[in-house]
Amino acid sequence: MPRVNEPPVEIKVRDNGPYKVTGPVRLIDAEGNAFDLPGDGPIVLCRCGQSQTKPFCDASHKAAGFDACQRAGQ
């Protein structure tokens, strides 16, 4: 449950690109270890599978020609 006055977490699906995550989140790996995240800025997570810095995006989707433009409700 969010704390009082804590901004909501927002995950934005970017056309042909990464997920942009804004808000107070913890990112946990498969072994239960937390990633060291930057202060209060957004993070971008790879969804093309080509990033060399997974789970974070390094813009490899551009060279890979990643193509995905999902819309809610479709």
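Residues numbered from 1 in each chain as written. Predicted model: local features only at pLDDT ≥ 70, side-chain atom pairs only at ≥ 80, totals over all residues. Heavy atoms only, no water.

Visitor: What is the right way to look at the packing of aromatic side chains in this model?
Guide: A ring pair, where both rings are aromatic, is described by two values, the distance of the centres and the angle of the planes. For the structure shown, the criterion picks out one aromatic pair. Ring centres of F35 and F56 lie 5.5 Å apart, and the angle between their planes is 90 degrees; this geometry places the pair in the edge-to-face category. Of this pair, F35 sits in the loop between β2 (19–22) and β3 (43–45) while F56 is found in the loop between β3 and α1 (60–64), placing the two residues 21 residues apart along the sequence. Its relative accessible area of 30% is what places F35 among the partly exposed residues. One Lys or Arg, R47, reaches over the ring of Y19 and ends 5.4 Å from the middle of that ring. (Phe/Tyr/Trp six-rings, centres within 6.5 Å; stacked < 30°, edge-to-face > 60°. Helix = DSSP H or I, 4+ residues; strand = E, 2+ residues; numbered from the N terminus. Buried < 20%, exposed > 50% of the residue type's maximum accessible area, 1.4 Å probe, protein only. Lys NZ or Arg CZ within 6 Å of the ring centre and 35° of its normal.)

Visitor: Just to check I follow, could you spell out the side chain of S51 for this structure?
Guide: If you trace the backbone, S51 turns up in the loop between β3 and α1. Looking at S51, the relative accessible area reads 4%, which means it is buried. There is a polar contact of 3.5 Å between the side chain of S51 and the backbone nitrogen of D58. Look past the residues within four positions of S51 in its chain and what remains in contact with it is C46, F56, C57, D58 and S60. (Polar contact = N/O pair within 3.5 Å; in protein donor to acceptor, adjacent residues only side chain to side chain. Contact = heavy atoms within 4.5 Å.)

All quantities given are derived from atomic positions and should not be read as evidence of function.
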